[in-house]
Amino acid sequence: MKKYTVGIDFGTLSGRTVLMDAESGEIVASSVCEYKHGVIDERLPSGKLLPLNTALQNAEDYIDVLRITIKDVMEKAGVRSDSIKGIGIDFTGCTMLPVDEDMRPLMFEPKFKDEYHAYVKLWKHNSCQSEGSRITDVAESRGEEWLTRYGGRTSSGWMFAKILQVLNEAPEVYRAAKKFVHSADWITYILTGEETHSAPFAGFKCLWSEEEGFPSKEFFQEVNPEMANVIEEKLPDRVVGAGKTVGYISKEAAALTGLCEGTPVATPALDAHASMPALGITETGTLMIILGTSSVQLVHSKEKINVRGICGYMKDAIFDGMYSYEASQACCGDHLDWFVKNCVPYEYKADAEKQGINIHKYLRSKAENLEVGESGLLALDWNNGNRSILADSSLTGAVFGLTLRSKPEEIYRALIEAAAFGAKRIVDAFEESGIKIDRVVASGGIAEKDSMTVGIYADVLDRPITVPDAPMSAAKGSAIYGAVAAGIYENAEIAANKLGIKSGKTYEPKAENVRVYGKLYREYCILHDYFGRGENDLLKKLRSIKD
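Computed from a predicted model, the values in this text were never measured in an experiment.

(A) Spotlight on the pattern of salt bridges. Taken as a whole and judged by the stated rule, the model has 24 salt bridges. Here Lys124 makes a salt bridge to Asp334, at a shortest N to O gap of 2.9 Å. With Lys124 in the loop between strand S7 (120–121) and helix H2 (129–142) and Asp334 in helix H11 (residues 333–342), this pair connects stretches of sequence that are 210 residues apart. The pair formed by Lys124 and Asp334 is uniform in burial state, with each residue classed as buried. One salt bridge in this structure joins Asp428 and Lys424, with 3.5 Å as the shortest N-O distance. Residue Asp428 and its partner Lys424 are both found in helix H14 (residues 408–433); the two are separated by 4 residues, about one turn of the helix. A single salt-bridge network, built from bridges that share partners, covers Arg142, Glu144 and Glu222.

(B) Region of interest: the pairing of strand S1 (residues 4–10). Of all 7 residues in S1, 7 are buried, a share of seventy percent or more. Because side chains alternate across S1, one face comprises the buried residues Tyr4, Val6, Ile8 and Phe10, and the other comprises Thr5, Gly7 and Asp9, equally buried. Strand direction decides the pairing type here: S1 and strand S5 (residues 84–91), joined by 7 bridges, are parallel. Bridge assignment links Ile8 to a residue of S5, and that residue is Ile89. Here S1 hands over to strand S2 (residues 14–21) after 3 residues, the two strands then running antiparallel side by side.

(C) Region of the structure containing the environment of Tyr150. Following the sequence through the fold, Tyr150 ends up in the loop between H2 and helix H3 (159–169). Taking the C-alpha atoms as reference points, Tyr150 and Met314, separated by 164 residues in sequence, lie 9.6 Å from one another. Not counting residues within four places of it along the chain, the set of residues in contact with Tyr150 comprises Trp158, Gly203, Phe204, Leu207, Trp208, Ile310, Cys311 and Gly312. Of the polar contacts made by the side chain of Tyr150, one reaches the backbone oxygen of Gly203; its length is 2.5 Å.

(D) Examining the nonpolar core more closely. Within the largest apolar cluster, 119 residues are counted, with the highest numbers of intra-cluster contacts made by Phe10, Phe160, Ile163 and Met227. The contact partners of Phe10, leaving out residues within four places of it in the chain, are Gly15, Tyr35, Tyr62, Val65, Leu66, Ile89, Asp90, Phe91, Thr92 and Ile187. Judged by nonpolar contacts, the second largest core, of 71 residues, contains Ile305, Ala352, Ala429 and Ala447.

Criteria and thresholds
- Residues numbered from 1 in each chain as written.
- Predicted model: local features only at pLDDT ≥ 70, side-chain atom pairs only at ≥ 80, totals over all residues.
- Heavy atoms only, no water.
- Salt bridge = Lys/Arg side-chain N within 4 Å of Asp/Glu carboxyl O.
- Helix = DSSP H or I, 4+ residues; strand = E, 2+ residues; numbered from the N terminus.
- Buried < 20%, exposed > 50% of the residue type's maximum accessible area, 1.4 Å probe, protein only.
- Pairing = 2+ DSSP bridges.
- Contact = heavy atoms within 4.5 Å.
- Polar contact = N/O pair within 3.5 Å; in protein donor to acceptor, adjacent residues only side chain to side chain.
- Core = buried A, V, L, I, M, F, W, Y, C linked by side-chain atoms within 4.5 Å.

Written out as structure tokens, the structure is:
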């Protein structure tokens, strides 16, 4: 009997599930479940208006993914449940929810139907910058050594900033919450009945390390006296390392998913991290860039090196014995989606419909005919704040050089170029700190579908970029972790070297484009520092100015 594993990638708008042949790595079936409630960023289901920079989700959508997609892939492949030997999941991070003593989300309580702090806070919930700054300021004043692991700043998107916002703005929710959990850990609880804290989420989003644990009680006492015991009182007790088994499918989960009771469940992974084993990136010096709604940059090193402005590093987060370094950009596909929804004229949309293509493809068909620098436009990629290198979610985006002749496709291309410049700023930070980048691999929906964008990145980075033929790479990586949890492979590195897809199409940089982009990048860096490092706070102030 063949052995299979299931991998589920819980993304921003949908859950994507794959069924993988655990011997060959072949994806034999896949299924996608769009979230019924999507991203809740304007009004609660009750109709209550939400504050700016709020991004919530409904936990019911995650259950739908489990209920629908696992049975769907088994049916498509004609595979019985007893052939499925393990399951792994990955999730966006930090996506957090408060739960009661039965691990039931507080958002389901009738008394909290109008309280948005009882809902799932999505990774891009960015309205708690002041809380993130408070945590950083206290850490700096106390000389906390752990702060250097996170590039010198903590993010407003991480666990404790979100918890502190709940305490500051909705103390009744804070006190009602038995636990604050990563949504990934809530899903593994639904599957196994075990309360655990995934080490990758704890390390990258919750200030934990295996050597030092969490920050001290005294630190949290200074942040807010009511948070003094937040670790003991509000977080799961058991931290489980990457590539391990958190538990086994329960009787209830078997009925929900169609899997066999007792099937091993792997420690959940961060979504971008799961792509590393899927692409077979087990070596040092290879940078992986995920091009999707947001963008994440990951690289391995055998050494511990502090890199100013990145999201952090952690040992054993993806593969045993390796330090994994993460940086990210909060806006990649998101600002392109914003642009087509709000700034494209009717004529363009009508012409795209007439040609039978979506508006993104239509704009790319026009933008790819532009010469580098032809539009005279330069943008900052901060429409959803800046995660790296400035780590400031209160920053806003901008497009410079607009004239009465500027066209939609020129702005669209400038936004793509801005994201590429932001990625180069991150690559420069890695190399300036001593982490050499020898090779670049791109993955994610944009990399798979949009050759123009990958070509722009190759030109801006002045490096070849390989795009492996590995759709749904995060889900496949989770399936690889599921194979390790099942004992089919000794560890994730061995499994990745056997099952990962390393080959693909390579995009070479073009010398003339590299030369012109070099000039534009120098100007980008000037604007990046001028507006991002406090010399001019305009891009923070504008949203707070009221008539």
